[in-house]
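Given next are the chains, with one letter for each unit.
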Amino acid sequence: MTPVMHSKLPDVGTTIFTVMSGLAAKLNAVNLGQGYPDYSMSPELVRLVDDAMKKDFNQYVPMQGYMPLRESLAEKVEFLYGTAINPDSQITITPGGTYAIYTALTTVLEPGDEVIIFQPGYDSYIPNVEINGAIAVLVDLKFPEYKIDWNEVRQKISPRTKMIMLNSPHNPTGSVLRKEDIDQLRSIVKDTNIFILSDEVYEHLMFDGLQHQSMLRFPDLMERSFVCFSFGKTYHCTGWKLGYCITSPELTKEFRKVHQFNCFSCHSPSQVALASFLKNKDAYLSLGAVMQEKRDHFINLMKGSRFNLLDSKGSYFICAKYDRISDEKDTDFAIRITKEHGVAVIPVSVFYKHGIDNKVIRFCFCKKNETLEAAVEKLIRI
Ligand code: PMP
Ligand code: GLN
């Protein structure tokens, strides 16, 4: 007899990224849905991995991560954000940013804890909170700028608030935190036991001269923050699933208790390769300009379309309203244009717990120019 299964996540289906990329592949549609580049990563980085394998870096590295990589990361953080981080006691290498987020949540959450989550938000956050028996307290970003209403955050803070989750640059909207947001955050968490989880996987993808407001810039916020990153986003290798978490020595100790019995340690050759590749500052300092050029190219091409593009200040996403085209639900619209017009996109309502539908879809523009051009040729006919 098959035992009765009570789902721990009864409301969760298959992620939209799997659904839309599956549909795009089946229909041979241009895929501006799931966020990953369709161009090659650096051949130099590929060569360094090859070298590492040939030099026999093929066994476990330490549970915390390959030390030279953590040292390179500490140097990078000091260079970018002016904060000294101890590579031994504050950085842990993880199999991707998503895992770092899940591990941080699992490290601190107890049943009944509340977590402030902004929506729309990356789709792993709420299930990650709920599987720990905690409660997602939702705050809607103000449409259409997708800004944080800090008064609403204040109203939703309770004695059970354990954590606030932030994501800048933001997926799916491309909005970014400003210095005013940091000031508000600071005044809210000061003298509380509230932790911060800061998802900064798009740290380098900032546009229009704006500065990334990393928690790592602010020692008072840093001491209560788990700051999560992804090498996949920085080095165009999303399939590597390698990332890291930076936090205080005390929180790192607890984070590693969870990490060591889940993954233990991550892929060795790529860590060895990244340890030296990270010294090349241009590889990450040039990213914002490269991606901004792609954003602008896409915006220019879309001028002839009936979509209304919203503002994108960072990440590799830009959203658009389609109310001049249709009043369909965004999920139906996304599927229909994939099937009928051959372009896969992501409906933004899936990033809301109760599917709030502002008739907005998300385009991913970290694609070859020819891919963007092929997509827009189809989109302007809709
Ligand atoms: N957070 C956000 C907002 C993302 O868009 C992504 C990309 N999938 C991640 C975290 C996780 O990245 P990784 O692929 O390294 O798990
Ligand atoms: N972060 C990517 C996106 O938002 C995809 C990640 C995933 O497929 N889980 O499209």
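Residues numbered from 1 in each chain as written. Chains lettered and ligands numbered in written order. Predicted model: local features only at pLDDT ≥ 70, side-chain atom pairs only at ≥ 80, totals over all residues. Heavy atoms only, no water.

(A) Looking closely at the overall build of the chain. Counting secondary structure elements, the chain contains 16 helices and 13 strands. Considering only contacts in the chain between residues 6 or more positions apart, those separated by 24 or more positions represent 75%. Taking the average place of the 43 positive charges on the side chains of the chain and the average place of its 45 negative ones, the gap between the two points comes to 2 Å. (Helix = DSSP H or I, 4+ residues; strand = E, 2+ residues; numbered from the N terminus. Contact = heavy atoms within 4.5 Å. Lys, Arg positive; Asp, Glu negative; His and termini not counted. Charge placed at Lys NZ, Arg CZ, Asp CG, Glu CD.)

(B) Structural context of the site of ligand 2. Residues in close proximity to ligand 2 include Phe17, Gln34, Gly35, Tyr122, Asn171, Tyr202, Lys233, Phe317 and Arg362, which together make up its full environment. Contact distances for ligand 2 include 2.6 Å between an oxygen atom and a backbone N or O atom of Gly35. In this structure, Asn171 approaches ligand 2 through a side-chain N or O atom, which is 2.7 Å from an oxygen atom. Look at ligand 2: alone it shows 300 Å² of surface, and the protein chains cover 80% of it. (Near = heavy atom within 4 Å. Polar contact = N/O pair within 3.5 Å; in protein donor to acceptor, adjacent residues only side chain to side chain. Areas by Shrake-Rupley, 256 points an atom, 1.4 Å probe, with all protein chains shown as cover.)

(C) Region of the structure containing unusual backbone geometry. Here the amide bond leading from Ser168 into Pro169 is cis, since omega sits at -15 degrees, within 30 degrees of zero. By secondary structure assignment, the location of Pro169 is in the loop between strand S5 (161-167) and helix H8 (179-189). We note that Tyr146 has phi near 55 degrees; this positive angle belongs to a residue other than glycine. With respect to the helices and strands, the residue Tyr146 is situated in the loop between strand S4 (135-140) and helix H7 (150-156). The buried category is assigned to Tyr146, whose relative accessible area is 4%. Phi angles above zero are rare outside glycine, and Phe264 is one such case at about 70 degrees. Positionally, Phe264 belongs in the loop between helix H11 (249-259) and helix H12 (268-277). (Buried < 20%, exposed > 50% of the residue type's maximum accessible area, 1.4 Å probe, protein only.)

(D) Structural view of the sheet that holds strand S13 (residues 360-364). One open sheet holds the four strands; their spatial order is S9-S10-S13-S12, and the pairing between them is antiparallel. The open sheet terminates on both sides in strands that have one partner only, identified here as strand S9 (308-309) and strand S12 (346-347). Against the sheet, helix H14 (residues 287-301) engages S9, strand S10 (317-321) and S13, with an angle of about 20 degrees to S10. (Pairing = 2+ DSSP bridges. Axes fitted to C-alpha atoms, helices over the stretch in contact; angles between N-to-C directions.)

(E) Expanded view of the nonpolar core. In terms of nonpolar packing, the biggest core is built from 98 residues, with Phe118, Leu166, Phe298, Phe307 and Phe363 touching the most fellow members. Excluding residues that lie within four positions of it along the chain, Phe307 makes contacts with Met302, Ala320, Lys321, Tyr322, Arg324, Ile325, Phe333, Ile361, Phe363, Leu379 and Ile382. Leu105, Met165, Leu197 and Cys228 belong to the second largest nonpolar core, which has 23 residues in total. (Core = buried A, V, L, I, M, F, W, Y, C linked by side-chain atoms within 4.5 Å.)

(F) Geometry of the pairing of S4. Where strand S3 (residues 114-119) meets S4, six bridges bridge the pair, whose relative direction is parallel. The residue bridging Ile117 from the neighbouring strand is Leu138, located in S4.

(G) Inspection of the sheet that holds strand S6 (residues 195-199) at higher detail. One open sheet holds the seven strands; their spatial order is S2-S8-S7-S6-S5-S3-S4, and the pairing between them is mixed. With one partner strand each, in any of the chains shown, strand S2 (91-94) and S4 form the two edges of the open sheet. If you compare each strand with its neighbour and ignore which way they point, the axes differ by 20 degrees on average. Contacting S2, S5, S6, strand S7 (225-230) and strand S8 (243-246), helix H5 (residues 97-108) crosses the sheet at an angle of about 160 degrees to S7. On top of the sheet, H11 reaches S2, S6, S7 and S8; it is set at about 25 degrees to S2, its chief contact.

(H) Layout of the packing of aromatic side chains. By the definition in use, this model includes 20 aromatic pairs. Arranged with centres 5.7 Å apart and planes meeting at 85 degrees, the rings of Tyr60 and Phe264 form a pair that is edge-to-face. Within this pair, whereas Tyr60 is found in the loop between helix H2 (43-54) and helix H3 (67-81), its partner Phe264 is found in the loop between H11 and H12, the two being separated by 204 residues in sequence. With relative accessibility at 72%, the residue Tyr60 sits in the exposed group. Summarising the aromatic geometry, the rings of Tyr235 and Phe277 are spaced 5.4 Å apart at their centres and angled 75 degrees between planes, so their arrangement reads as edge-to-face. Placement of the pair is Tyr235 in the loop between helix H10 (231-234) and S8 and Phe277 in helix H12, with a sequence separation of 42 residues. Each member of the pair Tyr235 and Phe277 is classed as buried. Among the aromatic residues, ring-to-ring pairing joins Phe298, Phe307, Tyr322, Phe333 and Phe363 into one connected group. The ring of Phe79 carries Lys281 above its face, with NZ or CZ at 4.7 Å from the centroid. (Phe/Tyr/Trp six-rings, centres within 6.5 Å; stacked < 30°, edge-to-face > 60°. Lys NZ or Arg CZ within 6 Å of the ring centre and 35° of its normal.)

What is shown is where atoms sit, not what they do.
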